[in-house]
Amino acid sequence: MQEKILILDFGSQFTQLIARRVRELNIYCEIHPFNKFPEVDSSVKGIILSGSPYSVRQDDAPHFDFKKYHGTLPILGVCYGAQYMAHFHGGEVLPSSTREYGRANLQYIEEHNPLFKLITPGSQVWMSHADTISRIGSNFEVIASTDTVKVAAYHVKGTHTYGIQFHPEVTHSSDGKQLMFNFLVDICGCKQDWTPDSFVETTIAALKEKLGDDKVVLGLSGGVDSSVAAVLLHHAIGKNLHCIFVDNGLLRKDEYQSVLDSYQHMGLNIKGIDAKQRFYDALAGLTDPEKKRKAIGRVFIEVFDDAAHEVQNVKWLGQGTIYPDVIESVSVKGPSATIKSHHNVGGLPDFMKLKVVEPLNTLFKDEVRRVGKALGIDPNILGRHPFPGPGLAIRILGEVTPEKVHILQEADAIYINNLRSADVYDKVWQAGSIFLPVQSVGVMGDERTYENVICLRAVESLDGMTADWCHLPYDLLAKISNEIINNVKGINRVVYDISSKPPATIEWE
Ligand SMILES: Nc1ncnc2c1ncn2[C@@H]1O[C@H](COP(=O)(O)OP(=O)(O)OP(=O)(O)O)[C@@H](O)[C@H]1O
Ligand SMILES: O=c1[nH]c(=O)c2[nH+]cn([C@@H]3O[C@H](COP(=O)(O)O)[C@@H](O)[C@H]3O)c2[nH]1
Ligand SMILES: NC(=O)CC[C@H](N)C(=O)O
Ligand SMILES: [Mg+2]
């Protein structure tokens, strides 16, 4: 059985970071909302309680029955998690006189405590709290303090329960990784055997067991997630995997053929479906971004359904869903307002009688890439920037027409090729061009022009949840702008998007 750490999410902005830190130590972990905590079996080696935007003193503060595990399993409470155990276990949490946000130093450390092995006084930590633990229960001992926070860390005597006021998961806590190691390896006894190779091995075995001789249809997009999912499934069920790559008429220039070719080289059983006209017909006249997304989602399903009927007796639909998609849909904040309807989320309509298999739904994007590497997948596929299923349709503001798609494809190809030849492509997390529905006046060869604008976007990000715009070199931007304006008919102006996410999103629609 795969040993694991459970992370109980009280809604902190840093919960995903805790998971990443655990996994970086080759230890498998899962995040669960505090109100949907699963049964704990012998595979669970320890529990981490996250921080929270709530105060333990609020009436609607999130609760968790920690006495059930206290004393039997190692527990580490972070910030709210630490405050929670202190407050409801004989201590008290009060609002602190000043909010503490940012760097601090642990002036006192109980050096013999295993949680602080190899960590010495002066160690920098990251604080983010408005409440403070003012009193601890009689069986608690303080094991670290800063100048202003006496209870920066505590231990409950005779148990493996710990609380820390600071955030070891944030890289500004300079010994955060060591502290996580101390807790996970020394205190919980985790073996650190969760590696890409072990993931590949256990996942293929599990898929074989689950799918037997059943047939699976998988939508392949040329993207990282579906490619890795396809190769895993291919190892597990071979010819019973039927891949479908849909040309929705919204792909990048020449992408359809080049992606098909590269998959055929990999030995995958793949069928390309030209559904361009179906997508264009469904998009005709639509200008509202959500209506466009919904129309695309609908046609995708129709095309998949037709394809599934062609391959007879299909039982499963394979999907490249990854962990952030799953976490977002079960977030403790409840169903958050729909910002964008992703084309592949939301379940299948009733008429598709298929079960869903998602081999990557426990992995983050960078882990998917590492698994892909362990599977020997072409680095060109693994290094590709994310590209949304609705494709260029959400990068053409307003109505989509084949003419606009063509213009955008040409401009985008110039942009991306230049990023590659300048060795910038791999440093950027995602880049793309946007066709703006505005015309502006220009002058070319002494003649007045009145044409459209292309906007270039490039962002740095870890997981797409937040992003910063990239500071691309001016001379590179100048070269791209010139090439686009000189070569793409219909464009006389190029601009660069300097907005971060939030408040802007990566895609414009
Ligand atoms: N043109 C397409 N043909 C077939 N399936 C597609 C197509 N576009 C998207 N999909 C399906 O939708 C899923 C979600 O798309 P998404 O863009 O999130 O993932 P991806 O394309 O695999 O990876 P990446 O995030 O790197 O682009 C894909 O895994 C794939 O199953
Ligand atoms: O498969 C997808 N289907 C979609 O409908 C979709 N919408 C956005 N994206 C991608 O998600 C990331 C975050 O995008 P936003 O900042 O625009 O929300 C970025 O990487 C976007 O490209 C999508 N991917
Ligand atoms: N980061 C946190 O978990 C904060 C906990 C609590 N809301 C506080 O302000 O102290
Ligand atoms: Mg994609």
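Numbers given to residues run from 1 along each chain, matching the order in which its sequence is written. Naming scheme: in the order in which they are written, chains are lettered from A and ligands are numbered from 1. Under the rules for a predicted model, residues below a pLDDT of 70 receive no local features and side-chain atom pairs below 80 are neither given nor counted, while totals for whole chains, interfaces and linings still include all residues.

(A) Geometry of the environment of glutamate 201. Secondary-structure assignment places glutamate 201 in helix H4 (residues 196-211). Among the residues examined, glutamate 201 registers 13 C-beta atoms within 10 Å and is labelled partly exposed. Sequence spacing of glutamate 201 and leucine 232 is 31 residues, and the spatial spacing of their C-alpha atoms is 9.5 Å. Elements are defined by DSSP. Helices are runs of H or I of four residues or more, strands are runs of E of two residues or more, and each kind is numbered from the N terminus. With C-beta atoms placed from the backbone, a residue is buried if 20 or more other C-beta atoms are within 10 Å of its own, exposed if 12 or fewer are, and partly exposed between those counts.

(B) Focus on the site of ligand 3. What surrounds ligand 3 is the set Ser12, Gly51, Ser52, Pro53, Tyr54, Ser55, Cys79, Tyr80, Ser128, His129, Ala130 and Asp131. Top contributing element to the shell around ligand 3 by residue count: strand E7 (residues 124-135), with 4 residues. The nonpolar class holds Ala, Val, Leu, Ile, Met, Phe, Trp, Tyr, Cys and Pro. Asp, Glu, Lys and Arg form the charged class, and all remaining residues, Gly among them, are polar. Residue composition of the shell around ligand 3, grouped by class: 5 nonpolar, 6 polar and 1 charged. Using the backbone to place each C-beta atom, any residue with that atom within 6 Å of a molecule or strand is considered near it.

(C) The UniProt feature "binding site: ATP" (unreviewed entry) in the protein, seen in detail. UniProt positions are given in the numbering used here, feature names are shortened, and annotations may be inferred rather than shown by experiment. UniProt annotation of "binding site: ATP" (unreviewed entry) refers to Ser221, Gly222, Gly223, Val224, Asp225, Ser226 and Ser227 when read in the numbering used here. Its location among the elements puts glycine 223 in the loop between strand E11 (215-219) and helix H5 (224-237). Our contact criterion uses C-beta atoms placed from the backbone: two residues qualify when those atoms are within 7 Å. Filtering out sequence-adjacent residues up to four positions away, glycine 223 remains in contact with Arg384, Pro386 and Phe387. Once residues lying within four places of it in the same chain are set aside, the contact partners of serine 227 are Leu220, Gly372, Ile377 and Ile381.

(D) Focus on the nonpolar core. Ranked by size, the top nonpolar core spans 128 residues in total, and within it Ile5 and Leu233 carry the most contacts. Here this core gets 9 residues from one element, more than from any other, and that element is H5. The term nonpolar core refers to a set of buried Ala, Val, Leu, Ile, Met, Phe, Trp, Tyr and Cys residues connected through C-beta atoms within 7 Å.

(E) Fine view of the domain arrangement of the protein. Boundaries between domains were set according to an automatic or database domain assignment. Domain parsing of the protein yields domain 1 (4-187), domain 2 (196-382) and domain 3 (401-496). One C-alpha centre belongs to domain 2, the other to domain 3; they are set 28 Å apart. Across the boundary between the two partners, domain 2 contributes 8 residues, which contact 8 residues of domain 3.

(F) Up close: the sheet that holds strand E13 (residues 270-274). Two strands pair if DSSP finds at least two bridges between them. Strand order in this open sheet of 5 strands is E13-E12-E11-E14-E15, and the pairing throughout is parallel. Among the strands making up the open sheet, the edge pair consists of E13 and strand E15 (355-357). Averaged over all adjacent pairs, the angle separating strand axes in this sheet is 30°, with direction ignored. With 5 bridges connecting them, strand E12 (residues 241-247) and E13 associate as parallel partners. What sits directly across from cysteine 243, in E13, is isoleucine 270. Packed on one face of the sheet, H5 meets E11, E12 and strand E14 (314-318) and runs near 165° to E11. Axis angles are defined between N-to-C directions and span 0 to 180 degrees, where every axis is a line fitted to C-alpha atoms and, for a helix, only to the segment in contact.

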